[in-house]
Amino acid sequence: HAKYTMSDLMTGQEAATPDDEYVSFSVNHQLSQLVVKIDNRSGKTVSGVTLSSVYTTVKCSAEGVSPVGVKGAVQACPVQIDNSQCWALVIAPQTVKSDLIITPSDGQQITYTMQEGIDLRPGYRSTATAVIEKGPQIVGFTATVNDWNSGRDFNFVFVSETDVK
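Residues numbered from 1 in each chain as written. Predicted model: local features only at pLDDT ≥ 70, side-chain atom pairs only at ≥ 80, totals over all residues. Heavy atoms only, no water.

With that settled, the discussion passes to the overall build of the protein chain. Counting secondary structure elements, the protein chain contains zero helices and 13 strands. The secondary structure elements of the protein chain, listed N-terminal to C-terminal, are β-β-β-β-β-β-β-β-β-β-β-β-β. For the protein chain, buried positions account for 34% of its 165 residues. Sequence-distant contacts in the protein chain: of pairs separated by 6 or more residues, those separated by 24 or more amount to 58%. Total accessible area on the protein chain stands at roughly 10,500 Å², and carbon and sulfur atoms take up 47% of it. (Helix = DSSP H or I, 4+ residues; strand = E, 2+ residues; numbered from the N terminus. Buried < 20%, exposed > 50% of the residue type's maximum accessible area, 1.4 Å probe, protein only. Contact = heavy atoms within 4.5 Å. Areas by Shrake-Rupley, 256 points an atom, 1.4 Å probe, with all protein chains shown as cover.)

Time to look at the sheet that holds strand S9 (residues 99-104). With antiparallel pairing, the four strands of this open sheet are ordered in space as S5-S4-S9-S10. Of all the strands in the sheet, just strand S5 (64-75) and strand S10 (110-113) have a single pairing partner and so form its edges. Sheet twist, expressed as the average angle between the axes of neighbouring strands with direction ignored, equals 25°. In terms of strand pairing, strand S4 (residues 46-61) meets S5 through nine bridges, oriented antiparallel. From the neighbouring strand, Val54 faces S5, where its bridge partner is Gly72. (Pairing = 2+ DSSP bridges. Axes fitted to C-alpha atoms, helices over the stretch in contact; angles between N-to-C directions.)

Before going further, it helps to examine the confidence of the model for the protein chain. Of all residues in the protein chain, 78% have pLDDT values of 70 or greater, and the mean over the chain is 76. Here residues 149-165 is a poorly scored stretch, pLDDT under 50, and it has 18 contacts once near neighbours within four places are set aside; other chains count. (pLDDT = per-residue confidence, 0-100.)

Glancing now at the environment of Gln94. Positionally, Gln94 belongs in strand S8 (residues 94-96). Residue Gln94 is classed as buried on the basis of its relative accessible area, which comes to 7%. Residues Gln94 and Ser66, spaced 28 residues apart in sequence, show a C-alpha to C-alpha distance of 7.9 Å. For Gln94, the residues in contact, after removing those within four places along its chain, are Val54, Tyr55, Pro67, Ile118, Asp119 and Leu120. Within polar-contact distance, the side chain of Gln94 engages the backbone oxygen of Ala92 at 2.9 Å. (Polar contact = N/O pair within 3.5 Å; in protein donor to acceptor, adjacent residues only side chain to side chain.)

Note: S9 against S10, four bridges, orientation antiparallel. The residue bridging Leu100 from the neighbouring strand is Tyr112, located in S10. Between S9 and the antiparallel strand that follows it, S10, lie five residues; Gly107 among them carries a positive phi value of about 85°.

Right, let's get into the pattern of salt bridges. If you walk through the whole model with that rule in mind, you get two salt bridges. In this structure, Arg41 and Asp39 form a salt bridge, with 2.8 Å as the shortest nitrogen-oxygen distance. When its relative accessible area of 41% is taken as the criterion, Arg41 is described as partly exposed. For Asp39, a relative accessible area of 29% puts it in the partly exposed group. Notably, a salt bridge pairs Asp106 with Lys44, separated by 3.0 Å at the nearest N-O pair. Pair noted here: Asp106 is in the loop between S9 and S10 and Lys44 is in the loop between strand S3 (32-40) and S4, with a separation of 62 residues, a long-range link. (Salt bridge = Lys/Arg side-chain N within 4 Å of Asp/Glu carboxyl O.)

Take the packing of aromatic side chains next. Throughout the structure, instances matching the rule amount to zero aromatic pairs. Over the face of the ring belonging to Tyr124 we find Arg121, whose NZ or CZ atom lies 4.3 Å from the ring centre. (Phe/Tyr/Trp six-rings, centres within 6.5 Å; stacked < 30°, edge-to-face > 60°. Lys NZ or Arg CZ within 6 Å of the ring centre and 35° of its normal.)

Within strand S7 (residues 84-91), seven of the eight residues are buried, leaving the element largely enclosed by the surrounding structure. Bridge count between strand S6 (residues 77-81) and S7: five bridges; the pairing is antiparallel. Note that in S7 the partner of Pro78 across the bridge is Trp87. Hairpin connection from S6 to S7: two residues lie between these consecutive antiparallel strands, with Asp82 at a positive phi of about 50°.

Structure (structure tokens):
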């Protein structure tokens, strides 16, 4: 679908019996979110952000998820976070040591090769900041890990078809 951007995988578990009227449980993110915040001093509009080599598939088990398969390029989606224009990816938990490719609207790609990996943990948002100066390069790059869930729990109430009127 043309408007499809990114998916997440959330899981939750709680014991219940057939006599329980309601079952309430919390769900947790199993994937990782990487947000790329761009400190753009170049004056060019950024039209795309790509990571060149990351795992794009996960294996699910009772213990959680793990990356599998071959690595590929993944394009980030534009998002607003804290009134800043950012680019986000929801991907398999992994240590990312990849090329960060930023594409300005003029099409002249700017590539930054990560010297150290970013440890993407399940359920956490990592924020990477790239500083772009007027020349054709990224002059600085930092990464921090923040809690993705921000302490929010989601409660779901399941109603059987016989209870719906």
